[in-house]
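# Commentary on secondary and tertiary structure
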Amino acid sequence: MGIQQSLFSAVQDAFAENTRISNQRLYHTVASSLGIRESEASRKENIGKKGEKCNVFTRKVRWQQQTLKQLGLIERVASRKGVWQLTKEGKKKIQLHKTQPGITVLGFSTRLGLAIWGDCCDVFSKIDEPVHLMISSPPYLLRNKRAYGNPDETEYVDFICKSIEPVVKHLVDGGSIALNISNDIFLKKSPARSLYRERLVLALYDRFGLFKMDELIWQNKSKPPAPIQWASINRYHLNVQWEPVYWFCNNPNKARSNNQRVLREHTDQHKKLMKAGGYKYRKTCSDGAYSKREGSFGKETKGKIQRNVLDIPHVCKSQQDYKKAAKEIGLPAHGAPFPLNLARFLVEFMSEKDDLVIDPFSGSFTTGLACEQLGRRWIGTDCMYEYIRGSAERFNGCDDYMLSKEMENVSWM
Ligand SMILES: C[S@@+](CC[C@H](N)C(=O)[O-])C[C@H]1O[C@@H](n2cnc3c(N)ncnc32)[C@H](O)[C@@H]1O
């Protein structure tokens, strides 16, 4: 796919997801979905005869926006400067299709998993299976709602609790829940961050007895510059580079997690130290807070225990292939997936082979794919037809893959 074509698709997908979107948000969404680095998204070059400094990336995005306008698919919002929305024609052609309340449809299946088009509460309140792990990235709390529906701050904690309650009820003893949510939610017209994360953590303990095991840091070095208002315009903040992945467990002393499943390779220095039988003499460190004994670190171990900062690039070959495949069958690709390596890490660390892993907000079914590769059973739901159908392409080739007839024969009024 050419660069212009993928930029055009990313702009179109941003409108499919958001229906109405400001230019700033459009730049952010497009850069994020294409994995464009901060330096590139904000680079200015001398352009034209006068040689004026201009942001090359935002200029290219606006060019694609004009193409959509000429096709009659988007229009300016009269009362709001720099905000665009889908026209009636645009809504017909590029909007996402949400499932009807109460209706659930099998999307596709494999030997290990099921992808269901439906509201997660409807689906999981009917499924009666022991669940070992839930991994999900729910719709973020956003100031500008996306087409797939983002709850606002007053509704958010209730929305998450209500959505995951049917899954929590079936969590086995020691089962875990991992939630990737955003840290970058600000109070209205303020550079202060919302405390909704803290409220959510307390609510999950108070309502469901879920203990907080950790707040893993997913370090994403390719995040586009943000928060624009508070870092690039008002200069109060630093640019963001991480997102939290909250990890909860219903019985911490029986957690199914095991760091030996996700060991990292020892450094050469550590390998040398082990070979030499560890430290040769006693050493006191940090003003006596701890000490290294003679022989410390001399025992050979299989690998290094992973630290709780996960340095995982957002740019991901599996996501790029999925986006390309979705485009090839004429569907918008999901604009906010997490990378396959993040899902793989969480699945491997927090569950055992053959366990059942659930993702109620599956999007492009990255969790399902990680399970497929790691031999876990999985069930995923998403309420948008386009995401389920597009994701099916990622599973074509898995054992017993089958696309349901309903997915093949769908038509819109
Ligand atoms: C942030 S995305 C998940 C992205 C996913 N982790 C991936 O890697 O592609 C959240 C998804 O939740 C879906 N969604 C929102 N509300 C839902 C509901 N009530 N039931 C099922 N899916 C829902 C949206 O359509 C969207 O695809």
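Reference entry: report on the structure contained in this document. Everything quoted here is computed from the prediction, not taken from an experiment.

### Let's talk about the overall build of the protein
Check the secondary structure of the protein and you find 15 helices and 17 strands. Relative to the globule expectation of 22 Å for 413 residues, the C-alpha radius of gyration of the protein, 23 Å, shows essentially globular dimensions. When its C-alpha atoms are laid out on the principal axes, the protein stretches across 75 × 60 × 40 Å. Of the contacts made within the protein by residues no fewer than 6 positions apart, 67% connect residues no fewer than 24 positions apart. For the protein, the accessible surface area stands at approximately 21,400 Å², while carbon and sulfur atoms represent 49% of it.

### Concerning the nonpolar core
Within the largest apolar cluster, 39 residues are counted, with the highest numbers of intra-cluster contacts made by F108, I135, L346, M350 and W378. Ranked by residues supplied to this core, first place goes to helix 12 (residues 340-350) with eight residues. Counting 34 residues, the second largest nonpolar core, distinct from the first, contains C121, L179, L356 and I379.

### A look at the sheet that holds strand 5 (residues 83-86)
Reading across the sheet, the three strands line up as 1-5-4 and stay open at both edges, with antiparallel pairing between neighbours. The strands lining the two open edges of the sheet, one partner per strand, are strand 1 (20-22) and strand 4 (74-76). Within this sheet the neighbouring strands show an average axis-to-axis angle of 25 degrees, counted without direction. The pairing of strand 4 with strand 5 spans three bridges and is classified as antiparallel. Its bridge partner being in strand 5, E75 is matched across the sheet by Q85.

### Section: the site of the ligand
Around the ligand, the structure places 21 residues, and the nearest of them are D119, H334, S364, T366 and D382. At a separation of 2.8 Å, an oxygen atom of the ligand approaches a polar side-chain atom of H334. Contact between the ligand and C383: a nitrogen atom at 3.2 Å from a main-chain N or O atom of the residue. For the ligand, the protein covers 97% of the area, taking 610 Å² as the surface of the free molecule. Residues of the shell around the ligand, tallied by class, amount to 12 nonpolar, seven polar and two charged.

### With respect to the environment of S291
Looking at where S291 falls in the secondary structure, it is placed in strand 13 (residues 290-292). Apart from residues no more than four positions distant in its own chain, S291 is found in contact with R282, K283, T284 and C285.

### Structural notes on unusual backbone geometry
A cis amide bond links A226 to the next residue, P227, at an omega of 0 degrees. Its place among the elements puts P227 in the loop between strand 10 (211-219) and helix 9 (228-233). Even without glycine at this site, R235 takes up a positive phi of about 65 degrees. Residue position: R235 is located in the loop between helix 9 and strand 11 (242-249). A positive phi is found at F297, a non-glycine position, where the angle reads about 65 degrees. Among the secondary structure elements, F297 is positioned in the loop between strand 13 and strand 14 (309-311).

### Here we look at the sheet that holds strand 6 (residues 105-109)
The 10 strands are arranged 14-10-11-9-8-15-16-7-6-17 in an open sheet whose pairing can be described as mixed. One side of each edge strand has no neighbouring strand; the edge strands of this open sheet are strand 14 and strand 17 (402-403). As paired strands, strand 9 (residues 171-180) and strand 11 are joined by five bridges and run antiparallel to one another. Bridge pairing in strand 11 links L179 to Y246. In the packing of helix 7 (residues 153-169) onto the sheet, contacts are made with strand 8 (131-136), strand 9 and strand 15 (356-359), and the angle to strand 9 comes to roughly 150 degrees. Sitting on the sheet, helix 12 is in contact with strand 8, strand 9, strand 10, strand 11 and strand 14, with an inclination near 160 degrees to strand 8.

### Overview of the state of the cysteines
Inspection of the entire model under this criterion finds zero disulfides. No disulfide involves C249; its nearest neighbouring cysteine sulfur is the one of C161, lying 17 Å away. For C249, a relative accessible area of 0% puts it in the buried group. C383 takes part in no disulfide bond, and the closest cysteine sulfur to it belongs to C120, at a distance of 7.9 Å. In this structure C383 comes out as buried when scored by relative accessible area, which is 17%.

### A few points about the pairing of strand 15
Burial of the side chains of strand 15 extends over both faces: L356 and I358 are buried on one face and V357 and D359 on the other. Sheet topology note: the strand 8/strand 15 ladder contains two bridges and is parallel. Residue pairing in the sheet places L133 in a bridge with V357 of strand 15. Here strand 15 runs beside strand 16 (residues 377-382); their pairing, made up of four bridges, is parallel.

Reading guide: rules and limits
- Residues numbered from 1 in each chain as written.
- Predicted model: local features only at pLDDT ≥ 70, side-chain atom pairs only at ≥ 80, totals over all residues.
- Heavy atoms only, no water.
- Helix = DSSP H or I, 4+ residues; strand = E, 2+ residues; numbered from the N terminus.
- Rg over C-alpha atoms; globule rule 2.2 N^0.38 Å.
- Contact = heavy atoms within 4.5 Å.
- Areas by Shrake-Rupley, 256 points an atom, 1.4 Å probe, with all protein chains shown as cover.
- Core = buried A, V, L, I, M, F, W, Y, C linked by side-chain atoms within 4.5 Å.
- Buried < 20%, exposed > 50% of the residue type's maximum accessible area, 1.4 Å probe, protein only.
- Pairing = 2+ DSSP bridges.
- Axes fitted to C-alpha atoms, helices over the stretch in contact; angles between N-to-C directions.
- Near = heavy atom within 4 Å.
- Polar contact = N/O pair within 3.5 Å; in protein donor to acceptor, adjacent residues only side chain to side chain.
- Nonpolar A, V, L, I, M, F, W, Y, C, P; charged D, E, K, R; others polar.
- Disulfide = S-S within 2.5 Å.

It is worth stressing that arrangement in space is one thing and function is another; only the former is reported here.
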